[in-house]
Amino acid sequence: MIHLGVNIDHVATLRQARGTAYPDPVEAARLCAQAGAHGITVHLREDRRHIQTHDVERLAAERRLPLNLEMANSEEVLAIALRLKPEEACIVPERRQELTTEGGLDADGLRESLGPAIDALKDNGTEVSLFIAPEPRQIDAAVALGAPAIELHTGAYCDCAAAGAEREAEAELNRLIGAALLANSAGLRVNAGHGINLENVAAILKIPHLHTLNIGHSIISRAVFVGLREAVAEMLRAINP
């Protein structure tokens, strides 16, 4: 069975747009649990554009599902992760100007700065994953840094598929497949995420050795029409047909 981690950032985006107390990301996490999701993902960005520190604190206190905290390698967010001890922390690149995470983390180029954060999280009982592009040098870096898991950035494939660029999409999918094979052979757990929806997930399932798909925007968007529990259930049926 492939696990589904539901990213609930955009529940908080809707709340922050009006400055209200609703919709509540913690209530969203409860509905995801009722629908059968395997985990909850949130990205605590440095600019707090959606998820807030108090959201992560409440999610960590309730623990209806394992919590995956996406985070930049910053001292402030690292301190929060060490205090709240999420089951997993996924280290991602982060820029204030971006709409969402663009591209993978340069784990290879940032080995010196990433090492202490990874060690601190692991020593604190949190499993670490690195959000990387499907590149051999990034996988090698994850192994060298002692990260037990990676999350493959599927955005390039999903963008090509959405644009109807079949040749480019096939090339990107082959890169993802090759990266998953290499990561598995190196003993890494393989997760994937970014841009995955009901239209492209069947092709994503061609990637071998997948443990978890982390999916957010498409599920929250679909929930506008069918409700969150049904949106999660639809994706669960799609990833485990």
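In what follows, the accompanying structure is described. (Residues numbered from 1 in each chain as written. Predicted model: local features only at pLDDT ≥ 70, side-chain atom pairs only at ≥ 80, totals over all residues. Heavy atoms only, no water.)

### What to know about the overall build of the protein
- The number of helices and strands found in the protein is eleven helices and eight strands.
- For 241 residues, the compact-globule estimate of 2.2 N^0.38 gives 18 Å, and the protein sits close to it at 17 Å.
- Nonlocal contacts in the protein, meaning residues at least 24 apart in sequence, comprise 68% of its contacts between residues at least 6 apart.
- Carbon and sulfur atoms provide 52% of the accessible area of the protein, an area that totals close to 10800 Å².
- Considering the protein, the positive charge centre built from 23 side chains and the negative charge centre built from 33 side chains are found 5 Å apart. (Helix = DSSP H or I, 4+ residues; strand = E, 2+ residues; numbered from the N terminus. Rg over C-alpha atoms; globule rule 2.2 N^0.38 Å. Contact = heavy atoms within 4.5 Å. Areas by Shrake-Rupley, 256 points an atom, 1.4 Å probe, with all protein chains shown as cover. Lys, Arg positive; Asp, Glu negative; His and termini not counted. Charge placed at Lys NZ, Arg CZ, Asp CG, Glu CD.)

### So, the pattern of salt bridges
- The tally for this structure, following the rule as stated, stands at 20 salt bridges.
- The partner of Asp47 in a salt bridge is Arg45, and the shortest N-O contact between them spans 3.9 Å.
- Accessibility expressed as a relative area gives 2% for Arg45, which makes it buried.
- One continuous salt-bridge network, built from bridges that share partners, spans Asp106, Asp108, Arg111, Glu135, Arg137, Glu172 and Arg175. (Salt bridge = Lys/Arg side-chain N within 4 Å of Asp/Glu carboxyl O. Buried < 20%, exposed > 50% of the residue type's maximum accessible area, 1.4 Å probe, protein only.)

### Focus: the packing of helix H7 (residues 155-162) against helix H8 (residues 166-185)
- Orientation of H7 relative to H8, taken along the N-to-C sense of each, is 160°, at an axis distance of 8 Å. Comparing the axis directions of H7 and H8 gives the class roughly antiparallel. Seen from above, H7 lies across H8 with left-handed handedness. Packed against H7, whose contacting residues are Ala156, Tyr157, Cys160 and Ala161, the element H8 presents Glu168, Ala169, Glu172, Leu173 and Leu176 at the interface.
- For the contact of H7 with H8, a count of residues per class yields seven nonpolar, no polar and two charged. (Axes fitted to C-alpha atoms, helices over the stretch in contact; angles between N-to-C directions. Parallel < 35°, antiparallel > 145°, perpendicular 65-115°, else oblique. Left-handed = near helix turned anticlockwise from the far one by under 90°. Nonpolar A, V, L, I, M, F, W, Y, C, P; charged D, E, K, R; others polar.)

### Describing the sheet that holds strand E4 (residues 88-91)
- Taken in spatial order, the eight strands line up as E1-E2-E3-E4-E5-E6-E7-E8 and close into a barrel, and their pairing is parallel. The average angle at which neighbouring strand axes cross in this sheet is 25°, direction not considered. (Pairing = 2+ DSSP bridges.)

### Focus: empty space enclosed by the protein
- All told, the structure shown has one cavity of 30 Å³ or more when counted by the stated rule.
- Estimated volume of the largest cavity: approximately 70 Å³.
- The wall of the largest cavity is formed by Val26, Ala29, Arg30, Ile40, Leu59, Glu62, Arg63, Arg64, Leu65 and Leu67.
- Those elements giving two or more residues to the lining of the largest cavity turn out to be helix H2 (25-35) and helix H3 (53-62).
- Sorting elements by how many residues they give to the lining of the largest cavity places H2 first, with three residues. (1 Å grid on protein atoms, 1.4 Å probe; cavity = no way out; pocket = protein on both sides within 12 Å on 5 of 7 lines; lining within 4 Å. Points joined across faces, edges and corners; volume = space filled by probe spheres on them.)

### Thoughts on the layout of surface pockets
- There is about 290 Å³ of room inside the second largest pocket.
- Lining the second largest pocket are 15 residues; nearest its centre among them are His10, Val11, Leu14, Ile220 and Val224.
- When residues of the lining of the second largest pocket are traced back to their parent elements, those giving at least two are helix H1 (9-18), H2 and helix H10 (217-226).
- A total of five residues in the lining of the second largest pocket trace back to one element, the largest contributor, which is H10.
- Split into classes, the residues belonging to the lining of the second largest pocket amount to eight nonpolar, five polar and two charged.

None of the figures reported here should be taken as evidence of function without further support.
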